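Chains, contacts and geometry: an overview
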Amino acid sequence: MKTIKRMMDHLYWADGRILDALEESETKNKDLLKLVRHVAVAERVWLSRLQGKGSTQYSLWEEAEDLTAIRTMFEENAEQYRVYIEGLEESELDEMVDYANQSGVPFRTSARDILSQVLLHGQYHRGQINRALRIESAEPVQVDYITFARL
């Protein structure tokens, strides 16, 4: 449980850092904003599944223009994930979660694997965002776990 909590703390930190970098860059790149919104919405979708709620009401790839609204979504996600994880026992990480993907196809996955997906998915897209920032001649931000661990 301690490892999952630590990795999630890294996720919250990295989400905040990438948002700060986007704000500092003052980018107007709609694809980049759409990508960061996608990360926030995906975190919310997986949390909804973990909580046993439906997740089909979320659109993963909508346009986004307002970083403030996206930051609010990330902050709400972090708060709700903290509550969810605090309520979990170690043994519950291996319990299976039934859910349907965005196309309605049913799946069954452990809570541990879903949380791992959230962690890895976000890091993948933060790398894409950093690359796009560099292409726009903006400064990418360090979001590696080891950087977080050294704090």
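Now for a look at the structure at hand. These figures come from a predicted structure and were not determined experimentally.

**Notes on the pairing of strand β1 (residues 96-100)**
- Of the two faces of β1, only the one carrying Val 97 and Tyr 99 is buried; Met 96, Asp 98 and Ala 100 on the other face are not.
- Bridging between β1 and strand β2 (residues 106-110) involves five bridges; their strand directions are antiparallel. Along β2, the bridge assignment pairs Tyr 99 with Phe 107.
- If you look at the hairpin formed by β1 and β2, you'll find five residues sitting between the two strands, and Gly 104 has a positive phi there, around 90 degrees.

**What about the pattern of salt bridges?**
- Considering all chains together, one arrives at eight salt bridges under this definition.
- A salt bridge links Arg 112 to Asp 94, with the nearest nitrogen and oxygen atoms 2.9 Å apart. Placement of the pair is Arg 112 in helix α4 (residues 111-135) and Asp 94 in the loop between α3 (67-86) and β1, with a sequence separation of 18 residues.
- Arg 112 gets classed as partly exposed once you look at its relative accessible area, which sits at 25%.

**Considerations on the environment of Lys 34**
- For Lys 34, the location among the structural elements is in helix α2 (residues 30-50).
- As a C-alpha pair, Lys 34 and Gly 16 span 18 residues in sequence and 16 Å in three-dimensional space.

The rules behind the values
- Residues numbered from 1 in each chain as written.
- Predicted model: local features only at pLDDT ≥ 70, side-chain atom pairs only at ≥ 80, totals over all residues.
- Heavy atoms only, no water.
- Buried < 20%, exposed > 50% of the residue type's maximum accessible area, 1.4 Å probe, protein only.
- Helix = DSSP H or I, 4+ residues; strand = E, 2+ residues; numbered from the N terminus.
- Pairing = 2+ DSSP bridges.
- Salt bridge = Lys/Arg side-chain N within 4 Å of Asp/Glu carboxyl O.

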